[in-house]
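Spelled out from the first residue to the last, the chains are:
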Amino acid sequence: MDMLKIGALGISGILMSLLVREWKPQFSVFISMATCIVIFFCAVKRIEAMAEVFSGLTQYIAVQESYLKILLKIVGISYIADFAASICKDAGYSAIAGQIEISGKISVMAISTPIVLALLNTISEYL
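Reading guide: rules and limits
- Residues numbered from 1 in each chain as written.
- Predicted model: local features only at pLDDT ≥ 70, side-chain atom pairs only at ≥ 80, totals over all residues.
- Heavy atoms only, no water.
- Helix = DSSP H or I, 4+ residues; strand = E, 2+ residues; numbered from the N terminus.
- Buried < 20%, exposed > 50% of the residue type's maximum accessible area, 1.4 Å probe, protein only.
- Axes fitted to C-alpha atoms, helices over the stretch in contact; angles between N-to-C directions.
- Parallel < 35°, antiparallel > 145°, perpendicular 65-115°, else oblique.
- Contact = heavy atoms within 4.5 Å.
- Nonpolar A, V, L, I, M, F, W, Y, C, P; charged D, E, K, R; others polar.
- Expected span 1.5 Å × (residues − 1).
- Arc of directions from axis to C-beta.
- Phe/Tyr/Trp six-rings, centres within 6.5 Å; stacked < 30°, edge-to-face > 60°.

1. Let's talk about the environment of Glu 101
So, step 1. Along the chain, the position of Glu 101 falls in helix α4 (residues 94–111).
So, step 2. By relative accessible area, Glu 101 is classed as partly exposed at 27%.
So, step 3. Glu 101 sits 26 residues away from Val 75 along the chain, and the two C-alpha atoms are 14 Å apart.

Dropping the structure here:
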């Protein structure tokens, strides 16, 4: 049901943006950004629910909680970078969007380093 609301919100935002574009093109971008922000906050609620599920997972499997926190940070960085890059592309600033995407990828690599090192240590123990 929530996805239907989000889809309807997105389509209505696009239609309003297209209607306003004829009279005031500069406001069209603002309507698009506002629609994206509202949809983003709807998605954040679901991410909070996922975080609670991941916290409960540590009781059932032998995974360090720090690894799950890193995983959630990676998901958050990915969403935020994609969101910001999409808004920049929509506004016509594709160069800035590209830099945001690259920064997001570098951030994910930097944050995931402890998991990669733990994986390499585990592999070296078995060899």
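2. Some details on the packing of helix α3 (residues 65–91) against α4
So, step 1. In contact at an axis separation of 8 Å, α3 and α4 are set at 175 degrees when each is read in the N-to-C sense. Considering their axes alone, α3 and α4 lie roughly antiparallel with respect to each other. The residues of α4 that touch α3, namely those facing Ile 70, Lys 73, Ile 74, Ile 77, Ser 78, Ala 81, Ala 84, Ala 85, Cys 88 and Lys 89, are Ser 94, Ile 96, Ala 97, Ile 100, Glu 101, Gly 104, Ser 107, Val 108 and Ile 111.
So, step 2. The class makeup of the residues in the contact of α3 with α4 is 12 nonpolar, four polar and three charged.

3. Topic: the side chain of Ser 32
So, step 1. Here Ser 32 shows up in helix α2 (residues 25–60).
So, step 2. Given the relative accessible area of 15%, Ser 32 is considered buried.
So, step 3. For Ser 32, the contacting residues outside a window of four places in its chain are Ser 17 and Asp 90.

4. Observations concerning helix α1 (residues 2–23)
So, step 1. Between the first and last C-alpha of α1 there are 32 Å, a value that for 22 residues agrees with the 32 Å anticipated at 1.5 Å per step.
So, step 2. For α1, every residue scored as buried is listed here: Ile 6, Gly 10, Gly 13 and Ser 17. Seen end-on, α1 carries its buried residues on one side only, within an arc spanning 65 degrees. Away from its buried face by more than 90 degrees, α1 exposes Leu 4, Lys 5, Ile 11, Leu 19, Glu 22 and Trp 23.

5. Considerations on the packing of aromatic side chains
What describes a pair of aromatic rings is the distance from one ring centre to the other and the angle between the planes of the rings.
So, step 1. Tallying each qualifying case throughout the model produces three aromatic pairs.
So, step 2. Consider the rings of Phe 40 and Phe 41, whose centres lie 6.0 Å apart with planes at 65 degrees: the pair is edge-to-face.
So, step 3. Of the aromatic side chains, those joined through ring pairs into one cluster are Phe 40, Phe 41 and Phe 83.

6. Observations regarding the side chain of Ser 17
So, step 1. Tracing the backbone through its elements, the reader meets Ser 17 in helix α1.
So, step 2. The class for Ser 17 is buried, based on a relative accessible area of 7%.
So, step 3. What Ser 17 contacts, discounting residues up to four positions off in sequence, is Ser 28, Ile 31 and Ser 32.

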